Amino acid sequence: MNKKLLITSNTSWFIFNFFVPTIKEMIREGYVVHLLTPSDKYTDRLVEVGCIHHQLDINPSGGNPVQEIRTIIRIFRVIKALNPYCVLNFTPKLNVYSGFCCRLIKVPVVNSVAGLGSIFLEDNFKAKVGKLLLKASQNRVDHVIFQNPDDLQIYLKEGYTQEDRISLVGGIGVDLKKFVPHQAKDDNTVRFILVARLLRSKGVGEFVEAAIEVDKYMSSLESRRDVETQAKRAEFYLLGFVDESNPQAISRETIETWHTNTAVNYLGQTDDVFSVVKEMDCVVLPSYYREGMPQCLIEAAAMAKPIITTDNVGCREIVVNNESGFIVKPKCVDDLKFAMIKMIEMTHQQRLELGKVGRRKAENEYCHLKISKHYIEVIESIANRKSSI
């Protein structure tokens, strides 16, 4: 018998870019996958994959009481009408709203925590309300899947969940047949790229500052006689979309100024990250955001790209320091600068060796087949337990 699975998210973009490989595995296992998300340009592509879409109007960062009540009513009505085998929620707001609705209707529910987001970065009224809602809702859901141990421990410590209702999984998974190793050109140019939503808390500003300093350092080498070092060059790229609805967003004007007046080139955004990153020598993410496990770093590891990232939740788990890349202090431009210079001063072969370690880690921990198996096992266990009560 086909099993109806409802997946909720505050964007279709998120589901399409990060969860489609797992959805395909779920469909192969006999699930009929329904989506409750806002419509965007990725919605039709999800339908082409085999999903059934239900429209949801939700403001990810909004707090208008009337709009929020309408959103909750819509979630409730869809879940009640579908009566799904299980509901799988992504993003904090839907974890709360859908979690409440599922409990009222007595439908099995699993929440996925892909980072703790802005309510754990900010100290304002909205963040405090968010934490109260988390505490009131999360310890009543059937299961919570975490992407890193730090988030798991915070949920346990703050009483958001219980120890017998949790599990830990390596990110959201990556298709290792799509994101394959690819060697950058050995042409004495070391190319760095930051792939992310262009938010301050992703360390974009620190990346630009460090790039400016590294560019100055490389220029100063022109006066030296070390011909081998002098011949090397560095290039710096940004790839990602401007999330103007986010209070942490970097303005388009700032990005254009960087593109015009610094060594950093903005490449815009793309659905085909592989085609851009494959030509790069190193992926950089100086994040101090409450990450779950950054997909850009998992994809970089799968592509055998060396990584420079921060000693930050979700980021440090992906890198084997000094073996697959370098871990630096958050918000420390000097640390980031020296790590980038160290990467430049390596030989091409040494950078390739770093990438090989990352690829092995991706194969062992981040394959989407392993991740999808975990999700399916959790869903089956929860649904079977509910049906036997």
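Look a little higher up for the structure.
A brief structural summary. Just so you know, the residues in each chain are numbered from 1, in the order the chain's sequence is written. Only residues with pLDDT of at least 70 are given local features in this predicted model, and only at 80 or more are side-chain atom pairs given and counted; all residues enter the totals for whole chains, interfaces and linings. Side-chain numbers come from the whole structure's heavy atoms, not from hydrogens or water.

### Section: the pattern of salt bridges
Stated precisely, the cut-off is as follows: We define a salt bridge as a contact between a side-chain nitrogen of Lys or Arg and a carboxyl oxygen of Asp or Glu at a distance within 4 Å. Counting from the N terminus, the helices are DSSP H or I runs at least four residues long and the strands are E runs at least two residues long. Each residue gets one of three labels from its accessible area relative to the maximum for its type: buried under 20%, exposed over 50%, partly exposed in between, using a 1.4 Å probe on protein chains only.
If you walk through the whole model with that rule in mind, you get 14 salt bridges. Where Glu 380 meets Lys 3, a salt bridge forms, and the shortest distance between an N and an O atom there is 2.7 Å. Separated by 377 residues along the polypeptide, Glu 380 in helix α15 (residues 368–387) and Lys 3 in strand β1 (residues 3–8) bring together distant segments of the chain. By relative accessible area, which is 24% here, Lys 3 ends up partly exposed. Arg 351 is the salt-bridge partner of Asp 281, the closest N and O atoms lying 4.0 Å from each other. In this pair, Asp 281 sits in the loop between α11 (273–277) and β11 (282–285) while Arg 351 sits in helix α14 (residues 348–365), placing the two residues 70 residues apart along the sequence. No difference in accessibility class separates Asp 281 from Arg 351, as the two residues are buried.

### What to know about the sheet that holds strand β2 (residues 31–37)
What counts here: The rule for pairing is simple: two strands pair if DSSP sees at least two bridges between them. In this analysis an axis means a line fitted to C-alpha atoms, helices contributing only their contacting stretch, and an angle means the value between N-to-C directions, from 0 to 180 degrees. Two residues form a contact once any of their heavy atoms are found within 4.5 Å.
Taken in spatial order, the 7 strands of this open sheet run β3-β2-β1-β4-β5-β6-β7, and their pairing is parallel. Looking at strand neighbours, the two that pair on one side only are β3 (52–55) and β7 (166–168), the edges of this open sheet. In this sheet, neighbouring strand axes are inclined to one another by 20° on average, regardless of whether the strands run parallel or antiparallel. Looking at chain direction, β1 and strand β4 (residues 86–90) are connected through 4 bridges and run parallel. From the neighbouring strand, Leu 6 faces β4, where its bridge partner is Val 87. Contacts from helix α2 (residues 20–28) reach β1, β2 and β4 within the one sheet, and its direction differs from that of β2 by about 140°. In the packing of helix α5 (residues 92–105) onto the sheet, contacts are made with β1, β4 and β5 (109–113), and the angle to β4 comes to roughly 160°.

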